[in-house]
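Each chain, letter by letter, is given below.
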Amino acid sequence: MLGYVSFVGAGPGDLGLVTEKGIRCLREADVVLYDRLANPRLLRVIKADCQLIYCGKLPDRHMMRQDKINETIIEKARIGKKVVRLKGGDPAVFGRVGEEAGACQMEGIGYDIVPGITSSIAAASYAGIPVTHRDHSASITLRTGHSSEETNEENITRYEHGDTIAYYMGVKNLDHHCQVLMRQGFSPETKVAVIEWATTGKQRTAEGTLPTISNEVIKQQIKNPAMTIIGDVVGLRDQLKWFEKKSMFGKRILIAKSSAEESGLERYFLDQGAEAYAFPTLKIAKKPISIDWLARIRAADNLLFRAPESVAILFEAFCSEGYDLRDLPREIYCLSEKTKRVLLNKGILSEKITRITEDMIQVGYETKQESIEDETNLLLTHSLKYDARFTEIDQRMLHEETWETVIFPSKSSVDWFVKTLENYGIEQLSQLSFAYIGERVKEYAEKKGFQIVNEEVQQELGLGKWKNTQR
Ligand code: SAH
């Protein structure tokens, strides 16, 4: 049977600016081909056996060529796969969806096109510029600024342009386009904004007029991806800008992870305008649980959950044996707030403890870092492994960005951080100063040789506040 292809718009960058339908396609995909401009954090929803193919530029290789992309899409669909082609912004706005969908159509392969928010409109809004306005602009034109030899461009007049013009891919030829527009009758007073990495915590905006903007962009070293917005509406930015005023805007924060779950901290910082990235991307490898162990737990007086993931895994095994909640020991303990929350969601109140007594039956995960002296009372439900499909993405995010601070939410996150930097060969990040959650984590990280951020920064990050909202 033939597969199916979905061309999905990933939106301009901010994680929330993608459609529900797009996310559903990603969840169901067998193969995802994605670009450099599609936010890689979106890929975390894919199935455990979904294949990821990067079509952007890699440090050591060239971009995947367009004919090779078309070929791969068709080859995968032919063998029955559900393929998602994930593109930054909208797939049909300078996204070559015409060629790729055309290739599917020729082969008789079914497809849909899931629109996304295109970067011109998003960049303008996130810079506080409404692309139309009753008093200032009744139309907008989307143009490519890629080529300086645009044949038809020289011949149009001021009035054939929209009131607002958005140039995609236009940083390199910016001055050329500005000169042409002035020759066509645009006033030299016309305002221009160039917005780099719009809608992300890395957003930067250069402002000027047609004759001055090019120098401003060079001065600020604005690079691609950047969006040029030209027209009177740019003048509203002074009054309407909002994103750049967010409390964490401009901060660059890494979050060290030690679980396979989504990082609540990453979401918290992104929502406040920071550039935040949680890594490494880990997955759970479940271990078989014997019937003897299940019977032993059923007969025990107490049970300690050492990890949040152990809860679901144990429950699954427990239920498949015909047991339920009522067969669990009376006393349930845990080591973290997170595990406590997971248990509460199952309807179980647990007590968080710091000292483990010998008689406790424990369930947890295998870790090389932590040695547990007596393992006779310990059931291992799973181990955590790198999700190898994300190695390239994690490395790219660590290499390509500049980071200021790393947050350690737990002791095990410190260990994963060290191990990951070593595995990926990214020594320089071990110089980052860290913020932390909890005194024990602070002591541990200091012992491991990390430099702590100053008290002011720790306060500014509001980790205490965040922790309280998690209860
Ligand atoms: N299909 C995409 C455009 C692809 S062309 C869309 O609809 O947005 C690539 C160009 O898009 C870049 O050169 C840049 O001009 C623009 N672009 C994409 N994402 C951007 C972002 N986050 N900020 C600014 N410009 C962006």
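Residues numbered from 1 in each chain as written. Predicted model: local features only at pLDDT ≥ 70, side-chain atom pairs only at ≥ 80, totals over all residues. Heavy atoms only, no water.

### Here we look at the overall build of the chain
Regarding its fold elements, the chain presents 16 helices and 21 strands. Expressed as lengths along the three principal axes of its C-alpha atoms, the size of the chain is roughly 85 × 60 × 45 Å. Considering the chain as a whole, with its 471 residues, one finds that 52% of them fall into the buried category. Put simply, of all contacts in the chain between residues at least 6 apart along the chain, 70% involve residues at least 24 apart. Of the roughly 23,400 Å² of accessible surface on the chain, a fraction of 48% belongs to carbon and sulfur atoms. (Helix = DSSP H or I, 4+ residues; strand = E, 2+ residues; numbered from the N terminus. Buried < 20%, exposed > 50% of the residue type's maximum accessible area, 1.4 Å probe, protein only. Contact = heavy atoms within 4.5 Å. Areas by Shrake-Rupley, 256 points an atom, 1.4 Å probe, with all protein chains shown as cover.)

### Some details on the environment of T405
The residue T405 is located in strand 19 (residues 405–408) in this model. Sequence-distant contacts of T405, defined by excluding residues within four places in its chain, comprise R252, I253, L254, L432, S433, F434, A435, V453 and L461.

### Some thoughts on empty space enclosed by the protein
If you roll a probe as big as a water molecule over the atoms, it shows you where there is empty space left. A full pass over the atoms with the stated rule returns one cavity of 30 Å³ or more. One number sums up the size of the largest cavity: a volume of about 280 Å³. When residues of the lining of the largest cavity are assigned to their parent elements, the largest contribution, three residues, is made by helix 12 (residues 391–400). Split into classes, the residues belonging to the lining of the largest cavity amount to ten nonpolar, six polar and eight charged. (1 Å grid on protein atoms, 1.4 Å probe; cavity = no way out; pocket = protein on both sides within 12 Å on 5 of 7 lines; lining within 4 Å. Points joined across faces, edges and corners; volume = space filled by probe spheres on them. Nonpolar A, V, L, I, M, F, W, Y, C, P; charged D, E, K, R; others polar.)

### A look at the nonpolar core
Of all hydrophobic cores here, the largest spans 67 residues; its most connected members are V32, L86, L254, F269 and F408. No other element matches the five residues that helix 13 (residues 411–424) contributes to this core. Those residues in contact with F408 that lie beyond four places of it in its chain are A256, S413, V414, F417, F434, A435, Y436, I437, V441, A445 and F450. Formed by 22 residues, the second largest nonpolar core is a distinct cluster that contains I289, F315, F318 and I348. (Core = buried A, V, L, I, M, F, W, Y, C linked by side-chain atoms within 4.5 Å.)

### Some thoughts on the domain arrangement of the chain
Along its sequence, the chain is carved into domain 1 (4–117), domain 2 (121–244), domain 3 (252–281 + 387–469) and domain 4 (284–385). Distance from the C-alpha centre of domain 2 to the C-alpha centre of domain 3: 36 Å. Contact with domain 2, which involves four residues of that partner, is made by five residues of domain 3. In terms of surface lost to domain 3, no three residues of domain 2 exceed G201, K202 and F243, which account for 95% of the buried area on that side. For the pair domain 2 and domain 3, the number of links is one salt bridge. Measuring nitrogen to oxygen at the nearest pair gives 2.9 Å for the salt bridge that ties K202 to E401. The residue inventory of the side of domain 2 that touches domain 3, partitioned by class, reads one nonpolar, two polar and one charged. (Domains from an automatic or database assignment. Buried area = accessible area lost by both parts, 1.4 Å probe. Salt bridge = Lys/Arg side-chain N within 4 Å of Asp/Glu carboxyl O.)

### Considering the site of the ligand
Looking at the ligand, there are 18 residues lining it, with V93, T118, S119, A198 and A226 nearest. Contacts to the ligand include S119, whose side-chain N or O atom sits 2.7 Å from an oxygen atom. Between A198 and the ligand, the recorded distance is 2.8 Å, taken from a backbone N or O atom to a nitrogen atom. Comparing atom positions with the cavity grids shows the ligand to sit within the second largest pocket. Taken together, the residues of the shell around the ligand sort by class into twelve nonpolar, five polar and one charged. (Near = heavy atom within 4 Å. Polar contact = N/O pair within 3.5 Å; in protein donor to acceptor, adjacent residues only side chain to side chain. Sits in = over half its atoms within 2 Å of the grid points.)

### Digging into a negative patch on the surface
On the surface, D301, E331, E351, E358 and D359 cluster together into a negatively charged patch. Along the chain, the position of E351 falls in strand 16 (residues 351–352). Residue classification places E351 among the partly exposed positions, given a relative accessible area of 45%. (Patch = residues over 30% accessible without salt bridge, like charges linked within 9 Å, V, L, I, M, F, W, Y side chains within 5 Å. Lys, Arg positive; Asp, Glu negative; His and termini not counted. Charge placed at Lys NZ, Arg CZ, Asp CG, Glu CD.)

### What to know about unusual backbone geometry
The step from N224 to P225 runs through a cis peptide bond, and the omega angle for that step is -5°. Structurally, the position occupied by P225 is in the loop between helix 6 (213–219) and strand 10 (226–230). P280 follows F279 through a cis peptide bond whose omega is -5°. With respect to the helices, strands and loops of the structure, P280 is situated in the loop between strand 12 (275–279) and strand 13 (282–286). For W197, which is not a glycine, the phi torsion comes out positive at approximately 45°. Position of W197 among the secondary structure elements: in the loop between strand 8 (191–196) and strand 9 (204–209).

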